[in-house]
Amino acid sequence: MTPPVTAASAPFLIVAIDGGAASGKSSSSRLISERFNFLHVDTGSFYRALTAGLLRAGAAPTDLATVQTALAALRLGTALNGRSAQMEISGQPVADAEIRTSAVNAAVSHFAAIPQLRAALLAYQRGQADVARAHGFCGLVMEGRDIGSVIFPDADFRFFLHADPVERARRRANEGQQDSIVERDRLDSSRKTAPLACPVGATSIDTTHIGLAQVVALMAAAIATKLAAA
Ligand code: C5P
């Protein structure tokens, strides 16, 4: 006889959500994390926090030697902010206000294109699964650009969100943010290492004309089906 599924016997699930800027990743991954008691990991915030730290250290993305020296000096840790992971640099959480400045918006994709910087973040990002387990979460929902392709190619679920650029610009403006999302997407999609692209086999969702509730319902249905079958 099959034993009943309990919280302890349910599988630890990894959900990867990739997509361009303002495609709906953050809102949907937050809701999925609440619905299923998963740790929410916004890897864009990690790239932003590193960018803020590197800018503070006087590093420019065009000067690889300085970037590498500054990177080596940054001690990375993770704190919990509610159910979201927050990067700590040298024991200090990097505040949201510091990672959403126009200076960071303008520089982040340039730093993110540096293979050595991406390599430095790889183990840190995979290690978020251990952070989630250690804090008793039932899984992990990680959003970014290369989660389903590079960080967790074997994730239980891989979603790729996209939307019309005009609609995405409208969303950012509604949030009161000035952000050159088209330019960031251009840089993110054209870089050599881990470019922004829908991973082969991922579920692609166009969020231009459907609301957040519908996007989340699609994802949640798939996750619930897997949990029910466990
Ligand atoms: O998600 P968000 O727009 O905050 O990400 C900021 C930037 O971080 C992206 O434009 C991209 O350059 C970089 N990024 C990345 N890979 C990820 C997450 C973010 O290159 N997995």
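Reading the values: the criteria
Residues numbered from 1 in each chain as written. Predicted model: local features only at pLDDT ≥ 70, side-chain atom pairs only at ≥ 80, totals over all residues. Heavy atoms only, no water. Helix = DSSP H or I, 4+ residues; strand = E, 2+ residues; numbered from the N terminus. Rg over C-alpha atoms; globule rule 2.2 N^0.38 Å. Buried < 20%, exposed > 50% of the residue type's maximum accessible area, 1.4 Å probe, protein only. Areas by Shrake-Rupley, 256 points an atom, 1.4 Å probe, with all protein chains shown as cover. Lys, Arg positive; Asp, Glu negative; His and termini not counted. Charge placed at Lys NZ, Arg CZ, Asp CG, Glu CD. Axes fitted to C-alpha atoms, helices over the stretch in contact; angles between N-to-C directions. Parallel < 35°, antiparallel > 145°, perpendicular 65-115°, else oblique. Contact = heavy atoms within 4.5 Å. Nonpolar A, V, L, I, M, F, W, Y, C, P; charged D, E, K, R; others polar. Near = heavy atom within 4 Å. Polar contact = N/O pair within 3.5 Å; in protein donor to acceptor, adjacent residues only side chain to side chain. Salt bridge = Lys/Arg side-chain N within 4 Å of Asp/Glu carboxyl O. Core = buried A, V, L, I, M, F, W, Y, C linked by side-chain atoms within 4.5 Å.

Asker: Honestly, the overall build of the protein chain in this entry has me stumped. Any pointers?
Answerer: From N to C terminus, the protein chain includes 11 helices and 8 strands. A globule of 230 residues ought to have a C-alpha radius of gyration of about 17 Å, and the protein chain, at 18 Å, matches this closely. Summarising its shape, the C-alpha atoms of the protein chain cover approximately 60 × 40 × 30 Å along the three principal directions. The buried share of the protein chain, taken over its 230 residues, is 47%. Element-wise, carbon and sulfur atoms account for 57% of the exposed surface of the protein chain, whose accessible area totals about 10800 Å². Within the protein chain, the 20 negative side-chain charges are centred at a point lying 1 Å from the centre of the 22 positive side-chain charges.

Asker: Teacher, can you tell me more about the packing of helix α9 (residues 165–174) against helix α10 (residues 181–190) here?
Answerer: Think of two packed helices as two axes; the pair is described by the angle between the axes and how far apart they sit. α10 packs onto α9 with a crossing angle of 120° between their chain directions and a minimal axis gap of 10 Å. With respect to each other, α9 and α10 are oriented oblique. Here α9 contributes Pro165, Arg168, Ala169 and Arg172 to the contact with α10, which in turn contributes Ile181, Val182, Arg184 and Asp185. When its residues are assigned to classes, the contact of α9 with α10 shows 4 nonpolar, no polar and 4 charged.

Asker: Mind showing me how you'd approach the site of the ligand here?
Answerer: Around the ligand, a shell composed of 16 residues is seen, among which Arg48, Arg118, Arg184, Asp188 and Arg191 lie nearest. Arg191 is positioned with one of its side-chain polar atoms (N or O) 2.8 Å from an oxygen atom of the ligand. Relative to its free-state accessible area of 460 Å², the ligand is covered by the protein chains to the extent of 98%. Going through the elements one at a time, α2 (43–56), α5 (102–112) and α10 are the ones with two or more residues in the shell around the ligand. Grouping the constituent residues of the shell around the ligand by class yields 4 nonpolar, 4 polar and 8 charged.

Asker: Explain the pattern of salt bridges here, please?
Answerer: Should their charged atoms come close, side chains of opposite charge can pair. One pass over the full model with this rule turns up 12 salt bridges. Here Arg118 makes a salt bridge to Asp146, at a shortest N to O gap of 2.9 Å. Here Arg118, found in helix α6 (residues 115–126), pairs with Asp146, found in the loop between β6 (139–144) and α8 (147–151); they are 28 residues apart in sequence, far enough to count as distant. Judged by its relative accessible area of 6%, Arg118 is buried.

Asker: What's the story with the nonpolar core in this structure? I'm lost.
Answerer: Nonpolar side chains in soluble globular proteins tend to be buried together. If you look at the biggest cluster of nonpolar residues, it comprises 40 residues, and the most contacted ones within it are Leu39, Leu54, Met87, Leu117, Leu140 and Phe152. Looking at which element gives the most residues to this core, the answer is α2, with 6 residues. Setting aside its immediate chain neighbours within four residues, Leu117 contacts Tyr47, Leu50, Leu54, Leu71, Phe111 and Ala112. One finds Val141, Val215, Ala220 and Ile223 within the second-largest nonpolar core, a separate group that totals 16 residues.

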